[in-house]
Amino acid sequence: MIPAPFEYARPTSVDEALGLLAGSDDAKVIAGGQSLLPVLRMRLNAPELVVDIGRIPALHGIRDVAGGGAVAGGGGAIEIGAMTPYHELLASDEIRTELGLLHDAVASVGDPQIRHRGTLGGSLAHADPAGDCGAVALALEAEMVIAGPAGERVVPAADFFQDLFTTAVGEDELLVAVRFPVHPGWGSRYEKFVRTAQQWPIVAVGACVHMADGKTISAARIGLTNMGPTPLRARAVEEALVGVEPTAQAVGAACAAVADGTSPPSDLNGDADYRRHLATVLARRAVLAAAGAA
Ligand SMILES: Cc1cc2nc3c(=O)[nH]c(=O)nc-3n(C[C@H](O)[C@H](O)[C@H](O)COP(=O)(O)OP(=O)(O)OC[C@H]3O[C@@H](n4cnc5c(N)ncnc54)[C@H](O)[C@@H]3O)c2cc1C
């Protein structure tokens, strides 16, 4: 279907974009368009103004943040502009070596066309619970940099995802960048279960693991994809993994409760109980692989 008519603007600065958003009661930001265009074409949304943020240089690129700023960890942080497309992340040696979890998750998104157009910021702002980047942002304890009429604010990933397709970004705001703390010495793995190639995840689990003495797990971070209306963090399992040897039995026991408190959907790909089972299997695999890579 053809979208309903709309006005189109292509600002060249964040301030200009914010001015356009402030001046309209019914504006929508477009980034890579991979999620928004289908919505417009199906006429599930018909904004009067579409603000294309693709030509704003400040929203592009990958840069080091010395000292990590407000981001915890002490290993510094990498800031990624919201308009940075997936393929640029995949081509970056720094992302591959320092943010392996993000690299693995992004490599699994859609197909090459989607990865050339789709952006990290668009994926996070869209907040589809089946999107691969949300659980990764939680597990890596990312921070979202949001610009609005009152200036910039920084929101931890844990407070960013508020409900189905709903984030902390207001109607008159823009997600401008995402800061990922670097965790030196941690291993990671993204385990995604799909029925066919290039599919959205039925369930996925992202794990980061630190092995203090090389024998037992000293810290773990686990993010869950498609196990509720928002990406989730499995904090009880993270605690249960501390002090555990990375054997299939011990890690499996610690991960057995990973689906507790989740509310996964039921659909043609599987019902909620199937997804709960999948989450325990994928969590065990992800943690074991991350521990091996640490
Ligand atoms: C066939 C197909 C397969 C796919 N498979 C996967 C998959 O396996 N895994 C996966 O994770 N995703 C998948 N996707 C989705 C893809 O990752 C999208 O690119 C992503 O969800 C949205 O990014 P975008 O840059 O295209 O955003 P857009 O579609 O342009 O925007 C999405 C939403 O975010 C808002 N927005 C965008 N950028 C900003 C910003 N900077 N500030 C504020 N609001 C903003 C827009 O207003 C809109 O509401 C798939 C998509 C398609 C079409």
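These numbers were taken from a predicted model, which means no experiment stands behind them. Per-chain numbering applies: the sequence of each chain, read as written, is numbered from 1 onward. Totals for whole chains, interfaces and linings use every residue, but because this is a predicted model, local features are given only for residues with pLDDT of at least 70 and side-chain atom pairs only at 80 or more, for both listing and counting. Only hydrogens and water are removed before side-chain values are computed, so all heavy atoms of the structure are retained for them.

Participant: Hey, could you go over the environment of G76 for me, with residue numbers and the actual values?
Facilitator: Helix numbering and strand numbering both begin at the N terminus, where a helix is a DSSP run of H or I of at least 4 residues and a strand a DSSP run of E of at least 2. Secondary-structure assignment places G76 in the loop between β4 (62–65) and β5 (77–81). Sequence-wise, G76 and A66 are 10 residues apart; in three dimensions their C-alpha atoms are separated by 5.6 Å.

Participant: Now, about the domain arrangement of the protein chain: what can you tell me, with residues and values included?
Facilitator: Domain parsing of the protein chain yields domain 1 (7–52), domain 2 (57–181) and domain 3 (188–290). Domain start and stop positions are those given by an automatic or database domain assignment. For domain 1 and domain 3, the distance between their C-alpha centroids amounts to 36 Å.

Participant: So what's going on with the pairing of strand β6 (residues 143–148)? Residues and values would help.
Facilitator: Buried, partly exposed and exposed residues are distinguished by accessible area as a fraction of the type maximum, computed with a 1.4 Å probe on protein chains only: under 20%, between the cut-offs, and over 50%, respectively. Across the six residues that make up β6, a large majority, six, are buried. What you see with β6 is no split at all: E143, V145 and A147 on one side and M144, I146 and G148 on the other are buried throughout. Here six bridges tie β6 to strand β7 (residues 151–156), and the two strands are oriented antiparallel to one another. Directly across from E143, in β7, lies its bridge partner P156. For two strands to pair, DSSP has to find at least two bridges joining them. In this structure, the hairpin formed by β6 and β7 is closed by a connection of two residues. Both β6 and strand β10 (residues 174–181) contribute to a ladder of five bridges, which runs antiparallel. When the sheet's bridge partners are listed, V145 is paired in β10 with A177.

Participant: Lay out the layout of surface pockets in plain terms, naming residues and giving numbers.
Facilitator: Throughout, the protein atoms alone are placed on a 1 Å grid, and a set of points is a cavity if a 1.4 Å probe fits but cannot get out or a pocket if it is open with protein on both sides within 12 Å along at least five of seven lines; lining residues have an atom within 4 Å of a point. Grid points are joined across faces, edges and corners, and a volume is the space filled by probe spheres set on the points. Taken as a whole, the largest pocket encloses approximately 1,300 Å³ of empty space. As for the largest pocket, its lining consists of 48 residues, of which S35, L36, G122, A125 and H126 are closest to the centre. Counting only elements with at least two residues in the lining of the largest pocket, the list comes to β2 (27–30), α2 (36–41), α7 (120–126), α8 (132–139), β9 (166–167) and β10. The biggest single contributor to the lining of the largest pocket is α7, with five residues. Put simply, Ala, Val, Leu, Ile, Met, Phe, Trp, Tyr, Cys and Pro go in the nonpolar bin, Asp, Glu, Lys and Arg in the charged bin, and everything else, Gly too, in the polar bin. Grouping the constituent residues of the lining of the largest pocket by class yields 21 nonpolar, 18 polar and nine charged.

Participant: Can you break down the side chain of N226 residue by residue, with the values?
Facilitator: As for its placement among the helices and strands, N226 is situated in the loop between β13 (217–225) and β14 (232–233). In this structure N226 comes out as buried when scored by relative accessible area, which is 7%. Contacts described as polar in this section are N or O atom pairs within 3.5 Å, which, within protein, must combine one atom able to donate a hydrogen with one able to accept it, while residues neighboring in sequence count only if both atoms come from side chains. Looking at N226, its side chain comes within polar contact range of the main-chain oxygen of P201, at 3.1 Å. Not counting the four nearest positions on each side in its chain, N226 is found in contact with P129, A130, P201, I202, V203, P264, P265 and R275. In this description, contact between two residues means that some pair of their heavy atoms is separated by no more than 4.5 Å.

Participant: How would you explain the site of the ligand if you had to name every residue and give the values?
Facilitator: Neighbouring residues are identified by heavy atoms, a residue being near a molecule or strand if any of them is within 4 Å of it. The full set close to the ligand counts 29 residues, and V29, L36, Y86, T119 and D132 are the nearest of them. G32 is positioned such that a nitrogen or oxygen atom in its backbone is 2.9 Å from an oxygen atom of the ligand. A distance of 2.9 Å is found between a nitrogen atom of the ligand and a backbone nitrogen or oxygen belonging to L175. Contact with the protein chains removes 88% of the 970 Å² of surface that the ligand exposes when unbound. Residue assignment for the shell around the ligand shows that the elements contributing at least two residues are β2, α7 and β10. Throughout, the Shrake-Rupley method with a 1.4 Å probe supplies accessible areas, and for residues the shown protein chains are the sole cover considered.

Participant: Summarise empty space enclosed by the protein; cite the residues concerned and give the values.
Facilitator: Throughout the structure, instances matching the rule amount to one cavity of 30 Å³ or more. Space inside the largest cavity adds up to approximately 40 Å³. Along the walls of the largest cavity sit S123, L124, A127, D128, G131, C133, G134, F161 and P231, which together make up its complete lining. Residues that form the lining of the largest cavity fall into these classes: five nonpolar, three polar and one charged.

Participant: Go over the sheet that holds β13 with me, naming the residues and quoting the values.
Facilitator: One open sheet holds the four strands; their spatial order is β11-β12-β13-β14, and the pairing between them is antiparallel. Whereas interior strands pair on both sides, the edge strands pair on one side only; in this sheet they are β11 (186–193) and β14. In this analysis, axes come from line fits to C-alpha atoms, helices being fitted only over the stretch in contact, and the angle between any two N-to-C directions falls in the range 0 to 180 degrees. Packed on one face of the sheet, helix α5 (residues 100–107) meets β11 and β12 (203–211) and runs near 20 degrees to β11.

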